[in-house]
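# Inside the fold
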Amino acid sequence: EGDQPGWARAREEAEAELQQLREVVRPLREPGYEEALRRKAERARKRRLRLQRRKHEARAAKEEEAARAAEREAKIDQWRGKCIQEVEEKNRERELKAAADSVLSEVRKKQADTKRMMDILRGLEKLRKLRKEAAARKGVCPPPSADEAFESQVESLKTLLKTRTELYEAEERALRVMLEGEQEEERKREMEKKQKKEREKLLQQKLEMDSKLFGDPAEFPLGHLLQPFRDYYLQAEHSVAALIQIRHEWDQYLVPADHPEGSCIPPGWVLPSLPTNDTWATAVR
């Protein structure tokens, strides 16, 4: 009996804990709890998968952006290198032309000096002749040895100046040929650059036209399915017999430009016109 109060308290505590446990377990015994728990678990699983997918997509987008950035950097580096190379080539050409012009200017200066010396020799000959005539009128005549020595010296100088003149003319011709060759090379490079741009422009136009007619392979993953059609329409480029057959079929419909029931064959592809209504536009990408 002395332990009755303690036993009663223990029993009350046990019953209270049992009641709490029943409260906790009670929702588990309800009819729709298992289904609700399953739906909750499914929602949690889907949310987890959705977060993982978003994380994966974000990582893939980041990697794709990094790849595009690397590609842009590579193109920029390639363009920068091409620009630097063009500038260096132009600088080398300018330096070479400046050097050639400097040498040509030096050669022309030497030619001018040689011509001036020839003029001086002719002036000396004329001056000696005038002085000799003036001395003869006074009765003074120089000995023949003096005339021979003067003429010998003048002829020696003339021969030297003539040799130098021929040498300088040969140098000038060589420099002119070199400069003309450089100019011809520059004109050739400019022409090749212009032709390259024209070819790239025509190729771009052809790609755009093929894209309009046959679809863009980058946007149409099943482009290889169109290969038989391309082979059919381009067979004349690879077979003479096919070319003759196609020309024969086309020639049956050749008519003058002013024919009332027909028109001449267009020189190129006939591009499709733009959609005229919304229904048609829905079938065109």
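Looking at an unreviewed UniProt entry, the protein carries the name PDCD7 protein, with the source organism given as Sterrhoptilus dennistouni.

## Observations regarding the UniProt feature "coiled-coil region" (unreviewed entry) in the protein
The feature "coiled-coil region" (unreviewed entry), as annotated in UniProt, sits at residues 180-208 in this numbering. Note that residues 180-208 is 100% helix and 0% strand, and that its end C-alpha atoms are spaced 42 Å apart.

## Thoughts on the nonpolar core
Of all hydrophobic cores here, the largest spans six residues; its members are Ala100, Leu104, Val107, Tyr168, Leu175 and Leu179. At the level of elements, helix H2 (33-137) and helix H3 (144-214) are the ones that each hand at least two residues to this core. Each residue touching Leu175, except ones within four places of it in the same chain, is listed here: Ala100, Val103, Leu104 and Val107.

## Looking at the packing of aromatic side chains
With the rule as written, the count across this model stands at one aromatic pair. Consider the rings of Tyr232 and Tyr233, whose centres lie 5.2 Å apart with planes at 75°: the pair is edge-to-face. For the pair Tyr232 and Tyr233, a shared accessibility class is recorded, and that class is exposed. Directly above the aromatic system of Phe150 lies the positively charged group of Arg128, at a separation of 4.8 Å from the ring centroid.

## Regarding helix H5 (residues 240-251)
Here H5 is 12 residues long and its end C-alpha atoms lie 16 Å apart, about the 16 Å a rise of 1.5 Å per residue gives. At the N-terminal boundary of H5, the capping side chain belongs to Ser239, with an oxygen 3.5 Å from the backbone nitrogen of Ala241.

## Details of the pattern of salt bridges
For the coordinates displayed, the defined rule picks out 11 salt bridges. We note a salt bridge from Arg68 to Glu64, for which the minimum N-O separation is 2.9 Å. Pair noted here: Arg68 and Glu64 are both in helix H2, with a separation of four residues, about one helical turn. Classification of Glu64 as partly exposed rests on a relative accessible area of 46%. Close ionic contact of Lys158 with Glu125 constitutes a salt bridge, the shortest N to O distance being 3.1 Å. Of the two residues, Lys158 sits in helix H3 while Glu125 sits in helix H2, which places them 33 residues apart along the sequence.

Criteria and thresholds
- Numbering of residues starts from 1 in each chain and follows the order in which that chain's sequence is written.
- Note on the predicted model: pLDDT of at least 70 is required for a residue's local features to be given, and 80 or more for side-chain atom pairs to be given and counted; whole-chain, interface and lining totals, by contrast, use all residues.
- Where side-chain values are given, they derive from all heavy atoms of the structure, hydrogens and water being excluded.
- UniProt positions are given in the numbering used here, feature names are shortened, and annotations may be inferred rather than shown by experiment.
- Working definition: helices are DSSP H or I runs of at least four residues, strands are E runs of at least two. Numbering for both runs from the N terminus.
- In plain words, nonpolar cores are sets of buried Ala, Val, Leu, Ile, Met, Phe, Trp, Tyr and Cys residues tied together by side-chain atoms within 4.5 Å.
- The buried label goes to any residue with under 20% of its type's maximum accessible area, the exposed label to any with over 50%, and the partly exposed label to all in between, with areas taken from a 1.4 Å probe on protein chains only.
- Contacts are assigned to residue pairs that have any heavy atoms within 4.5 Å of one another.
- What counts as a ring pair is set by centres within 6.5 Å for rings of Phe, Tyr and Trp (its six-membered ring), and what kind of pair is set by the plane angle: stacked under 30 degrees, edge-to-face over 60, tilted for all other angles.
- Charge-over-ring contacts are defined here by two conditions on Lys NZ or Arg CZ: a distance within 6 Å of the ring centre and an angle within 35 degrees of the ring normal.
- By definition here, a helix of n residues has an expected span of 1.5 Å times n minus one.
- We define a polar contact as two N or O atoms separated by no more than 3.5 Å, with the added condition that, inside protein, one atom must be a possible hydrogen donor and the other a possible acceptor, whereas residues neighbouring each other in sequence contribute only through side-chain atom pairs.
- For this analysis, a salt bridge means a side-chain nitrogen from Lys or Arg found within 4 Å of a carboxyl oxygen belonging to Asp or Glu.

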